[in-house]
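Working through the structure, step by step
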Amino acid sequence: MSEQLRVGIIGGGIGGVALARALGRRGIDFHLFEQAPAFGEVGAGVQMTPNAVKVLKALGLTEALDDIGFLPESMRGINWQTGETLFRTPLKDTFPQVYGAEFYHVHRADLHGILAADLPADKVTFNARCTDIEEQDDGVLARFDDGGEFKADLVVGADGIHSPVRASLWGHDQPQFTGHMCWRALVPVDQHPLPFVGPDAAFWMGPKAHVVTYYVKGGQAVNIVAVTETADWVEESWTEPSSTEELLAAYEGWNDDLIRLFKMTDPSQTFKWGLFDHDPLTRWSTGRATLLGDAAHPMLPFLSQGAAMAIEDAYVLAEALTHYQGEPAAALRAYEQERRPRTSEVQLQARERGRSYHLSTPEELRKRDEAFREAQKKDPNAVGIRAEWIYEYDATTCAERFDATVSA
């Protein structure tokens, strides 16, 4: 091994730039490769739950996060038709005390921007599409489609659900279409919040469909995520064009407040995509290579944890490499043993929420909604989507657990 560990990061999405930032703050040499010609995240809103916010603060982004974020008052479960509140979890006034950090709504591009803001230009290569990696006796060789190569002591695949690094390590494993499709759109807001969109993380639950709405960009826009079940395969792309008309047709008969919001969407900026899923991997790492974010654990969005899990991964991996200086194999074991059980459970629980949000028979709905009410009676701070265990986790304390897990 070289005296100074050199880490190659394949992929410049949120997980990749979070890892680059975490490594840079620890003085660990890295080089990041991104296939796009420049940084620029597609997508729309992201919920930064307390578990992710703890990491962002540890990465020195407290003020930046406050600048780009919106602090919702509560999380509300709402009946799709009547508008009845099924549960209400207070967020803004309670989460810092209960979970140790705030719950923010941000725009994905803004989040990516603050994570990437301080990365040195000479540590990033754009227009670099990795094709495969090869482990060698003295390091790992990453190959790119233009014939270029990069030799590192360690390579991290942060290159998404169709990861070439994952394929190099564990073979091709095609994600499966889940039978769910999703629309996304942003509705700009002039000066004042919309009177029919509360300052909440709103989960509208209906038969075989649900809609999530919340403010982003400091309250300057409303983010819409609308999920429905479909028998037709839908392209897995965040930029597949749709239209306001198609969105409205899919939610005919839903509450008037939602329909009013949908009618405000820009038809040219309304997109759809199919939701695809992977079973949890039984292993992420070899002696010199590992995976991070969607490359390791692509998950359905129903717990709003895709970006959060990648940010947690990045912090834990950087901490492990610092803790086990000169022992990258031990660092990767500690990283995987800390992260894989957690992310696997989040993957599986996100699948389950896709079922419980979409219940359709009267008896199923009655039981679910009664469970919401009973949980709130017992604990006014109960999270209706049953995510307390996710929010409680603190990746910034992972070093306390490393030696015990690696020796186990």
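Here goes a summary of the coordinates provided. (Residues numbered from 1 in each chain as written. Predicted model: local features only at pLDDT ≥ 70, side-chain atom pairs only at ≥ 80, totals over all residues. Heavy atoms only, no water.)

Right, let's talk about the overall build of the protein for a bit. Along the protein, the regular secondary structure elements total 13 helices and 18 strands. By principal-axis analysis of the C-alpha atoms, the protein measures approximately 65 × 45 × 40 Å. Going through the 408 residues of the protein one by one, you find that 56% of them count as buried. Long-range pairs, those at least 24 residues apart, make up 76% of the contacts in the protein between residues at least 6 apart in sequence. Counting 38 positive and 60 negative side-chain charges, the protein places the averaged centre of each group 4 Å from the other. (Helix = DSSP H or I, 4+ residues; strand = E, 2+ residues; numbered from the N terminus. Buried < 20%, exposed > 50% of the residue type's maximum accessible area, 1.4 Å probe, protein only. Contact = heavy atoms within 4.5 Å. Lys, Arg positive; Asp, Glu negative; His and termini not counted. Charge placed at Lys NZ, Arg CZ, Asp CG, Glu CD.)

Turning our attention to the side chain of T270. If you trace the backbone, T270 turns up in the loop between α8 (256-263) and β17 (271-277). Residue T270 is classed as buried on the basis of its relative accessible area, which comes to 0%. Within the structure, T270 has its side chain in polar contact with the backbone oxygen of D266 (distance 2.9 Å). Among residues more than four places away in sequence, those in contact with T270 are W183, R184, A185, E240, P241, S242, S243, T244 and T265. (Polar contact = N/O pair within 3.5 Å; in protein donor to acceptor, adjacent residues only side chain to side chain.)

It is worth spelling out the pairing of strand β10 (residues 149-152) at this point. Judged by which residues are buried, β10 turns out to be one-sided: F150 and A152 face inward and are buried, whereas E149 and K151, on the alternate face, are not. Here strand β9 (residues 139-144) runs beside β10; their pairing, made up of four bridges, is antiparallel. Within the sheet, the bridge partner assigned to V140 lies in β10 and is A152. Hairpin connection between β9 and β10: a loop of four residues separates the two successive antiparallel strands, and G147 in this loop has a positive phi of roughly 90 degrees. (Pairing = 2+ DSSP bridges.)

It is worth spelling out the packing of helix α1 (residues 14-25) against helix α5 (residues 108-116) at this point. To describe two helices that pack against each other, one gives the angle between their axes and the distance between the axes. In the contact formed by α1 and α5, the axes pass within 8 Å of each other and the chain directions differ by 25 degrees. Looking at the two axes, α1 sits roughly parallel to α5. α1 and α5 meet at a crossing whose hand is left-handed. Contacts between α1 and α5 involve I14, V17, A18 and R21 from the former and R108, L111, H112, I114, L115 and A116 from the latter. Grouping the amino acids of the contact of α1 with α5 by side-chain chemistry returns seven nonpolar, one polar and two charged. (Axes fitted to C-alpha atoms, helices over the stretch in contact; angles between N-to-C directions. Parallel < 35°, antiparallel > 145°, perpendicular 65-115°, else oblique. Left-handed = near helix turned anticlockwise from the far one by under 90°. Nonpolar A, V, L, I, M, F, W, Y, C, P; charged D, E, K, R; others polar.)

Looking now at the side chain of R353. Relative to the assigned elements, R353 resides in helix α10 (residues 328-356). Not counting residues within four places of it along the chain, the set of residues in contact with R353 comprises F302, L303, I385, R386 and W389.

Moving on, we get to unusual backbone geometry. Unusually for a residue other than glycine, N127 sits at a positive phi of about 55 degrees. By the secondary structure assignment, N127 is in the loop between β7 (124-125) and β8 (130-136). Non-glycine residue K208 carries a positive phi angle of around 60 degrees. Considering the arrangement of structural elements, one finds K208 in the loop between β13 (200-206) and β14 (209-216).

So, on to the packing of aromatic side chains. In this structure the tally under the stated criterion is 19 aromatic pairs. Seen in terms of ring centroids, F95 and Y391 are 5.7 Å apart; in terms of plane orientation they differ by 55 degrees. Their pairing is tilted. Of this pair, F95 sits in helix α4 (residues 95-99) while Y391 sits in helix α12 (residues 388-392), and the two are 296 residues apart along the sequence. Judged on exposure class, the residue F95 and its partner Y391 are both buried. (Phe/Tyr/Trp six-rings, centres within 6.5 Å; stacked < 30°, edge-to-face > 60°.)

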